[in-house]
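One-letter residues, chain by chain:
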Amino acid sequence: MRVNYFPQKIIYTVVILLISLGNTQNAQAQDFEKIKEFFTFHPNHKAVAKDSTLYASKFIAAPVMSYSPETNFAFGTGAKYLFKFNGSGEETRVSNMPITLQYTLNSQFFVYSGFEIFTNQEKWVIEGNILFQNYPRLFYGFGTNSPESEEEEYNYYQLLVEPIFLKQAFTRYLFVGAGVRFNHIYSVDIEEGGLIDQTRPTGYDGSTSLGVEVAALYDNRNNVLNAQNGWYLETTRGQYFEALGGTHNFDLTRFDLRHYTKPFADKDDILAFQMVGRFTRGDLPFSEFSFLGGSEIMRGYREGRYIGRDLLASQVEYRKTFKNSRFGAVLFAGGGDIYNDVSDFQFKNLKPTYGGGLRFMIDKEERLNLRFDVGFGRGSSEFYLGIAEAF
């Protein structure tokens, strides 16, 4: 279950160069492969040279530059580490570890990895998130009608560690297990006299969430990075206690449902669907509220534009692949909202999201794309650049 923590406005400085070289002409295609290999490292290349049955691990990296009014310019590296354990064959999907490191001119930083690792023959799945950051966030107040005029900025340090261990159970693609989640917010800096300072919600000046999670996962996607077919359903239930060292007692339930299919037998186009939910109960600290918006779902809204205890959102995306080309295009649409309680859900109040984007395949074997999306919400718009699909 990926956590949506990526900065929203990211520019890969190599994108324009890669795209300019990436057409079907032989000379330019060869140039593109040279550029791609420059940013690709093979940690086990010596072992693969001796044993061709081994999977050639790939560490694909690219320089990253971003800009937003909150951060000033930011520089760093975005990467994907793709690998299999020795002894894994075609029956084991490729493990995926994205890594992002950024540092801004305002002395802020961001280090993140959301990983999904398959052991041999997929007997175990190890997944989770690791995040350490000092990054700004915008706050508009709580509720589904918070006004744009209330915008204010606050800064904080965050350390999040969330490993989940799932064992194959009953059938090949079903996994059950458990994990822990530690989310520490500290050194919070808010605007004096601002909305947060006036309302002072629980945990506004820092909090520690420490709890135990149980999880179930069904995942028969043919490709983790860019699925063409299959289902994905993950649900987690976490209990958080002061007795474990946390500052609040609450529970958190999440689910993530996805489906992928090829609508036309003679084309590689993909129709993808996703629905997510996040539900909380108990003495909830400020940092654990549900934040609507971001680069993965509800594109078009800045992350945290609307904040509530519960969240429901869904999206559908049509992914067009152009024949004999590395280029592709997508159209997406969806809706969602936040609630004080999910029982308040009403279709007529859903916030819409829609948009489109371009794709450029940097690794055909793994179907790994560079992604550029423009999303539109109700009175807002955002653009996104990154590696791999939104979901």
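Given the structure is predicted, the values throughout are model-derived calculations rather than measurements.

> Tell me about the overall build of the chain, and name the residues and values.
A count of helices and strands for the chain gives 4 helices and 20 strands. The burial tally for the chain puts 53% of its 391 residues in the buried class. Taking as baseline every contact in the chain between residues at least 6 positions apart, the subset at least 24 positions apart corresponds to 58%. Taken as a whole, the chain presents about 17,300 Å² of accessible surface, with 60% of it coming from carbon and sulfur.

> Tell me about the pairing of strand E12 (residues 250-261), residues and numbers included.
Consecutive side chains of a regular strand alternate in pointing toward one face of the sheet and then the other. Here strand E11 (residues 230-240) runs beside E12; their pairing, made up of 11 bridges, is antiparallel. The residue of E12 that forms the bridge with leucine 233 is leucine 257. Sheet analysis places E12 next to strand E13 (residues 270-282), joined by 12 bridges and oriented antiparallel. The residue of E13 that forms the bridge with leucine 257 is methionine 275.

> An account of the pattern of salt bridges is needed here, citing residue identities and associated values.
For the coordinates displayed, the defined rule picks out 29 salt bridges. A salt bridge links aspartate 363 to lysine 58; its shortest N-O distance comes to 2.8 Å. Within this pair, whereas aspartate 363 is found in strand E18 (residues 351-363), its partner lysine 58 is found in strand E3 (residues 58-68), the two being separated by 305 residues in sequence. On the accessibility criterion, aspartate 363 (3% relative accessible area) is buried. Through salt bridges with shared partners, a single ionic network connects Arg299, Glu317, Arg319, Arg359, Arg371, Asp373 and Glu389.

> How would you sum up the nonpolar core? Please name residues and give values.
With 15 residues, the main nonpolar core has Phe139, Tyr154, Ile196 and Phe286 as its most contacted residues. Going through the elements one at a time, strand E8 (152-169), helix H4 (195-199) and E12 are the ones with two or more residues in this core. Judged by nonpolar contacts, the second largest core, of 11 residues, contains Leu82, Ile362, Leu370 and Ala388.

> Account for the packing of aromatic side chains, with residues named and values stated.
Within the structure shown, the criterion is met by 24 aromatic pairs. Ring centres 5.5 Å apart and planes at 75° place the aromatic pair phenylalanine 139 and phenylalanine 142 in the edge-to-face group. A relative accessible area of 1% means that phenylalanine 139 is categorised as buried. Among the aromatic residues, ring-to-ring pairing joins Phe139, Phe142, Tyr154, Tyr156, Phe286 and Phe289 into one connected group.

> Quick rundown of unusual backbone geometry? Include the residues and the values.
The backbone of glutamine 121 shows a phi angle near 55°, a positive value even though the residue is not glycine. With respect to the helices and strands, glutamine 121 occurs in the loop between strand E6 (109-118) and strand E7 (124-139). A relative accessible area of 36% places glutamine 121 in the partly exposed class. You will see that serine 187, though not glycine, has its phi angle at about 50°, which is positive.

> If you had to explain a nonpolar patch on the surface to someone new, which residues and values would you point to?
A surface patch of nonpolar side chains, amounting to about 420 Å² of accessible area, comprises Leu101, Val111, Ile130, Phe132, Leu159 and Val161. For the nonpolar patch, the secondary structure elements donating two or more residues are E7 and E8.

> Tell me about the environment of leucine 195, and please be specific about residues and values.
Topologically, leucine 195 is positioned in helix H4. For the pair leucine 195 and glutamate 150, spaced 45 residues apart in the sequence, the C-alpha separation amounts to 7.5 Å. Filtering out sequence-adjacent residues up to four positions away, leucine 195 remains in contact with Phe139, Tyr140, Gly141, Glu150 and Glu152.

> Describe the pairing of strand E9 (residues 171-189), listing the residues and the values that go with them.
Here E8 runs beside E9; their pairing, made up of 12 bridges, is antiparallel. Looking at E9, one finds that phenylalanine 165 is bridged to alanine 178. Where E8 folds back on E9, the antiparallel hairpin that results is connected by 1 residue, among which phenylalanine 170 adopts a positive phi of roughly 70°.

> Break down the environment of isoleucine 362 for me, with residues and values.
Secondary-structure assignment places isoleucine 362 in strand E18. For isoleucine 362, a relative accessible area of 6% puts it in the buried group. For the pair isoleucine 362 and arginine 326, spaced 36 residues apart in the sequence, the C-alpha separation amounts to 7.6 Å.

> Can you break down the environment of glycine 87 residue by residue, with the values?
Here glycine 87 is to be found in the loop between strand E4 (72-83) and strand E5 (95-104). Glycine 87 gets classed as exposed once you look at its relative accessible area, which sits at 55%. Along the sequence, glycine 87 and tyrosine 55 sit 32 residues apart, while their C-alpha atoms lie 9.2 Å from each other. Once you skip the residues sitting within four places of it in the chain, glycine 87 turns out to touch Asn120 and Gln121.

> Which residues make up the confidence of the model for the chain, and what values go with them?
Summarising the model, the chain shows a mean pLDDT of 87, and 88% of its residues fall at 70 or more. Overall, residues 6-19 carries pLDDT values under 50, and its contacts beyond four positions in sequence, including any with other chains, amount to 49 contacts.

> I'd like a description of the side chain of serine 95, backed by residues and values.
Structurally, serine 95 can be placed in strand E5. Looking at serine 95, its side chain comes within polar contact range of the main-chain nitrogen of phenylalanine 118, at 2.8 Å.

Basis of the calculations
Residues numbered from 1 in each chain as written. Predicted model: local features only at pLDDT ≥ 70, side-chain atom pairs only at ≥ 80, totals over all residues. Heavy atoms only, no water. Helix = DSSP H or I, 4+ residues; strand = E, 2+ residues; numbered from the N terminus. Buried < 20%, exposed > 50% of the residue type's maximum accessible area, 1.4 Å probe, protein only. Contact = heavy atoms within 4.5 Å. Areas by Shrake-Rupley, 256 points an atom, 1.4 Å probe, with all protein chains shown as cover. Pairing = 2+ DSSP bridges. Salt bridge = Lys/Arg side-chain N within 4 Å of Asp/Glu carboxyl O. Core = buried A, V, L, I, M, F, W, Y, C linked by side-chain atoms within 4.5 Å. Phe/Tyr/Trp six-rings, centres within 6.5 Å; stacked < 30°, edge-to-face > 60°. Patch = residues over 30% accessible without salt bridge, like charges linked within 9 Å, V, L, I, M, F, W, Y side chains within 5 Å. pLDDT = per-residue confidence, 0-100. Polar contact = N/O pair within 3.5 Å; in protein donor to acceptor, adjacent residues only side chain to side chain.

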